[in-house]
Amino acid sequence: GFLADSLTLDGCTFSAYTNKVAPNDSNPLWFCNTGSCNITVKNCSFTASRPIKLAEQSAYGTKLTVINNAFDMSVYNSANKEGEPKNDAIMLCAIGSGTLGDVVISGNKVENGTALMAFYKPVEFTMAEGASFTVSNNTLGTGVKTSVVWKSNTEFTPDFVK
């Protein structure tokens, strides 16, 4: 688990990381068991084949802010299976009884991907009482959807997303 109150990545560049041992695990960022750590990713540039994973597994009111990033999701990955796209920019996947605090996804640009966001269906996390999930002012390239079911092209937006 995370033993930090907050983590901010600002102005970082992630350049086509490929996990040579396990290509399916080629995510440029993968935050797991964040507890109540608040995470901000802003002004970063991603060239990738897999999404940044935020708040996977245990999350307890974690606030997520993903703003003003550029995602080029065109990198080839040998682990891709036919009909199972994984080149979404952001995956939100707390599992079980996890909760998220306020989430803001705004001002991002996504090119060559399936979607800005991907969710398991059914969504396996809840929003903390009074928390909001806001998606606004993102620029999506040709064919890029706002939100899909993980590993698919099927559009899906949970009820709590505004």
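Up top is the structure.
Residues numbered from 1 in each chain as written. Predicted model: local features only at pLDDT ≥ 70, side-chain atom pairs only at ≥ 80, totals over all residues. Heavy atoms only, no water.

Draft legend 1. Region of the structure containing the sheet that holds strand β12 (residues 115-119). Overall, parallel pairing links the 5 strands, which are arranged β3-β6-β9-β12-β16 in an open sheet. The open sheet has two free edges, formed respectively by β3 (30-32) and β16 (145-149), since each of these has just one partner strand. Going from strand to strand, the sheet's axes swing by 15° on average, the running direction of each strand aside. Bridging between strand β6 (residues 52-56) and strand β9 (residues 90-92) involves 3 bridges; their strand directions are parallel. Within the sheet, the bridge partner assigned to Leu 54 lies in β9 and is Leu 92. (Pairing = 2+ DSSP bridges. Helix = DSSP H or I, 4+ residues; strand = E, 2+ residues; numbered from the N terminus. Axes fitted to C-alpha atoms, helices over the stretch in contact; angles between N-to-C directions.)

Draft legend 2. Quick peek at the pattern of salt bridges. In this structure the tally under the stated criterion is 3 salt bridges. When the shortest N-O distance is used, the salt bridge between Asp 10 and Lys 42 registers 3.9 Å. Highlighted residues: Asp 10 in strand β1 (residues 6-10) and Lys 42 in strand β4 (residues 38-42), separated in sequence by 32 residues. A relative accessible area of 44% places Asp 10 in the partly exposed class. The class of Lys 42 is partly exposed, set by a relative accessible area of 26%. Note that Glu 56 and Lys 53 form a salt bridge whose closest N and O atoms lie 3.9 Å from each other. (Salt bridge = Lys/Arg side-chain N within 4 Å of Asp/Glu carboxyl O. Buried < 20%, exposed > 50% of the residue type's maximum accessible area, 1.4 Å probe, protein only.)

Draft legend 3. View of the sheet that holds strand β11 (residues 109-111). One open sheet holds the 5 strands; their spatial order is β2-β5-β8-β11-β15, and the pairing between them is parallel. Each edge of the sheet is formed by a strand with only one pairing partner; in this case those strands are β2 (13-15) and β15 (139-140). As judged from the 3 bridges shared by strand β5 (residues 45-47) and strand β8 (residues 70-72), these two strands associate in the parallel manner. Of the residues in β8, the one forming a bridge with Phe 46 is Phe 71.

Draft legend 4. Here's a closer look at the nonpolar core. Ranked by size, the top nonpolar core spans 36 residues in total, and within it Leu 54, Phe 71, Ile 90, Leu 92, Leu 100, Ile 105 and Phe 133 carry the most contacts. When residues of this core are traced back to their parent elements, those giving at least two are β4, β6, β7 (60-67), β9, β10 (98-106), β12, β13 (125-127) and β14 (133-136). Apart from residues lying up to four places away in sequence, Ile 90 is in contact with Pro 51, Ile 52, Leu 54, Val 66, Phe 71, Ile 105, Leu 116, Met 117 and Ala 118. (Core = buried A, V, L, I, M, F, W, Y, C linked by side-chain atoms within 4.5 Å. Contact = heavy atoms within 4.5 Å.)

Draft legend 5. Quick look at the side chain of Ser 26. Inspection of the secondary structure assignment puts Ser 26 in the loop between β2 and β3. At 2.7 Å, the side chain of Ser 26 and the backbone oxygen of Pro 23 are in polar contact. Residues within four places of Ser 26 in sequence aside, it is in contact with Tyr 17, Thr 18, Asn 19, Ser 49, Arg 50 and Asn 77. (Polar contact = N/O pair within 3.5 Å; in protein donor to acceptor, adjacent residues only side chain to side chain.)

Draft legend 6. Region of interest: the pairing of β7. Sheet topology note: the β4/β7 ladder contains 4 bridges and is parallel. From the neighbouring strand, Lys 42 faces β7, where its bridge partner is Ile 67. Relative to β10, β7 is paired through 6 bridges, and the arrangement is parallel. If you follow Tyr 60 over to β10, its bridge partner there is Thr 99.

Draft legend 7. How the structure looks around the pairing of β4. Summarising the sheet, β1 and β4 pair through 5 bridges and their orientation is parallel. By the bridge assignment for β4, Leu 7 is matched with Ile 39.

Draft legend 8. Fine view of the packing of aromatic side chains. In this structure the tally under the stated criterion is 7 aromatic pairs. Ring centres of Phe 125 and Phe 160 lie 5.6 Å apart, and the angle between their planes is 50°; on these two criteria the pair is classed as tilted. Of this pair, Phe 125 sits in strand β13 while Phe 160 is found in the segment after β16, placing the two residues 35 residues apart along the sequence. You can call Phe 125 buried: its relative accessible area is 5%. Measuring from centroid to centroid gives 5.6 Å for Phe 133 and Phe 160, while their planes differ by 50°, and the two rings are tilted. Separated by 27 residues along the polypeptide, Phe 133 in strand β14 and Phe 160 in the segment after β16 bring together distant segments of the chain. Phe 133 gets classed as buried once you look at its relative accessible area, which sits at 1%. Owing to a relative accessible area of 23%, Phe 160 belongs among the partly exposed residues under this scheme. A connected cluster of aromatic rings, assembled from ring pairs, spans Phe 119, Phe 125, Phe 133, Phe 156 and Phe 160. (Phe/Tyr/Trp six-rings, centres within 6.5 Å; stacked < 30°, edge-to-face > 60°.)

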